[in-house]
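Now for the letters of each chain:
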Number of protein chains: 2
Amino acid sequence: MNIADVARRSGLPAKTIRYYEEIGLIRPARSANGYRAFAGADLHKLAFLGRARSLGFSIEECRKLLALWEDRSRASADVKALAEAHLREIDAKIAELRAMRGTLAGLVSCCAGDDRPECPILTDLAGPD
Amino acid sequence: MNIADVARRSGLPAKTIRYYEEIGLIRPARSANGYRAFAGADLHKLAFLGRARSLGFSIEECRKLLALWEDRSRASADVKALAEAHLREIDAKIAELRAMRGTLAGLVSCCAGDDRPECPILTDLAGPD
DNA sequence: CTTGACCTTCCCGTGACGGGAAACCTTATG
DNA sequence: CATAAGGTTTCCCGTCACGGGAAGGTCAAG
């Protein structure tokens, strides 16, 4: 399989696949002409990576997940710990965004939104004076 | 005021303040010795920027907010539109994170988390086979 | 006069790629 | 057989919003 096939089948852009090779997540073979020659296992890994990334795991977390996946003597506790740590990161981000959202929504609801210059959003950003 | 004073009073790191000057958000005067000489207006702008950034506005959005703040003939509708657009971005991010969280929490709850290798998290990431 | 605390600019690194150039390879068509 | 079109390679720069750290100038205190 050439890179375009793998890109189509994995749903990842060719650029991303080359990047993943560069940082050592995959090691596709090479054909005589220098083209990357992807095997089924490479495709499977890329699909795995795509799904892990879509759940918000960082590249380094994906690297660990991939290692666990390939380690048949893994303990599921290690995978679960990784996932739970990521879950806590997600929760922290959601909490931060919700706090922003709350403040901003309050300001927006106070703003007339007409052609006059008075604006509680700017007044708040300008701070207490 | 030197940069350390402004950093302390605005809550922004000196590095950030220099960066904001570099990209044209502020234009502090210079003393004879080459040091930045911040006026009250500069400090006020930096505090404004710090608050806008803490609400998640991008640098370019902050630039627009700053321009609106300094434009006494602004229409509050313009500010409100900017804030509402940002609110929609925040909502989109929250929705994306909540979707991730939902999927991941489901997988985590199915994982035994013991020393056996069987792990539904990895099985799911590996895809339908 | 020296020490130490400031300040300056400059350059590299982050994360996870995307865009685009220059050059090579393959396949289809005339 | 020549050529055109499309696929592939590497390489390098740009993103966003700074942070780290080096090399060197400045200032106030002892």
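Residues numbered from 1 in each chain as written. Chains lettered and ligands numbered in written order. Predicted model: local features only at pLDDT ≥ 70, side-chain atom pairs only at ≥ 80, totals over all residues. Heavy atoms only, no water.

## Describing the overall build of chain A
The following threshold applies: Helix numbering and strand numbering both begin at the N terminus, where a helix is a DSSP run of H or I of at least 4 residues and a strand a DSSP run of E of at least 2. Under the scheme applied here, a residue whose accessible area is under 20% of the maximum for its type counts as buried, over 50% as exposed, and between as partly exposed, the area being computed with a 1.4 Å probe on protein chains only. Whether two residues are in contact is decided by their heavy atoms: any pair within 4.5 Å suffices. The Shrake-Rupley method, run with a 1.4 Å probe sphere, supplies the accessible areas, and residue values consider only the shown protein chains as cover. When charges are tallied, Lys and Arg are placed among the positive residues and Asp and Glu among the negative ones, while His and the ends of the chain are skipped. Lysine's charge is taken at NZ, arginine's at CZ, aspartate's at CG and glutamate's at CD.
Broken down by element type, chain A carries 6 helices and 2 strands. Helices and strands in chain A line up, N terminus first, as α-α-β-β-α-α-α-α. Dimensions of chain A, computed from the C-alpha atoms along their principal axes, are close to 70 × 40 × 25 Å. A burial count over chain A gives 42% of its 129 residues as buried. Pairs at least 24 apart in sequence give 41% of the contacts found in chain A among residues at least 6 apart. Accessible area of chain A: about 7000 Å², with a carbon and sulfur share of 51%. Looking at charge distribution, chain A has the averaged site of its 20 positive side-chain charges lying 11 Å from that of its 18 negative ones.

## Here's the deal with the protein's contact with DNA strand C
Note the threshold: For this description, a residue counts as near a given molecule or strand if any of its non-hydrogen atoms is within 4 Å of it. Think of a polar contact as two N or O atoms within 3.5 Å of one another; within protein, one of them needs to be a possible hydrogen donor and the other a possible acceptor, and neighboring residues in sequence only count if both atoms come from side chains. Amino acids outside the nonpolar list (Ala, Val, Leu, Ile, Met, Phe, Trp, Tyr, Cys, Pro) and the charged list (Asp, Glu, Lys, Arg) are all regarded as polar, and Gly is one of them.
Residues in contact with DNA strand C amount to 19 residues; listed here are only the nearest, A:Lys15, A:Tyr20, A:Arg53, B:Ala4 and B:Arg36. Looking at DNA strand C alone, sugar and phosphate atoms form 75% of those within 4 Å of the protein. The side chain of A:Lys15 places a nitrogen or oxygen atom 2.5 Å from a base oxygen of DNA strand C. A distance of 2.7 Å is found between a phosphate oxygen of DNA strand C and a side-chain nitrogen or oxygen belonging to B:Arg36. Those elements giving two or more residues to the surface near DNA strand C turn out to be α2 (14–22) of chain A together with α1 (3–10) and α2 (14–22) of chain B. In terms of residue count, the dominant contributor to the surface near DNA strand C is α2(A) (4 residues). Across the surface near DNA strand C, the residue classes tally to 8 nonpolar, 5 polar and 6 charged.

## Some points on the domain arrangement of chain A
Size of an interface, as often reported, equals the accessible area lost when the parts are brought together. Residues and elements named next belong to chain A. For clarity, the threshold we go by: Note that the domain bounds reflect an automated or database-derived domain assignment. Defined here as a combined quantity, buried area equals the accessible surface (1.4 Å probe) lost by two parts on assembly, summed across both.
In terms of domain boundaries, chain A breaks down into domain 1 (1–74) and domain 2 (79–129). Summarising the inter-unit geometry, the C-alpha centres of domain 1 and domain 2 are found 36 Å apart. Across the contact, 8 residues belong to domain 1 and 6 residues belong to domain 2. Summed over both sides, the interface of domain 1 with domain 2 buries roughly 560 Å², with 75% coming from carbon and sulfur.

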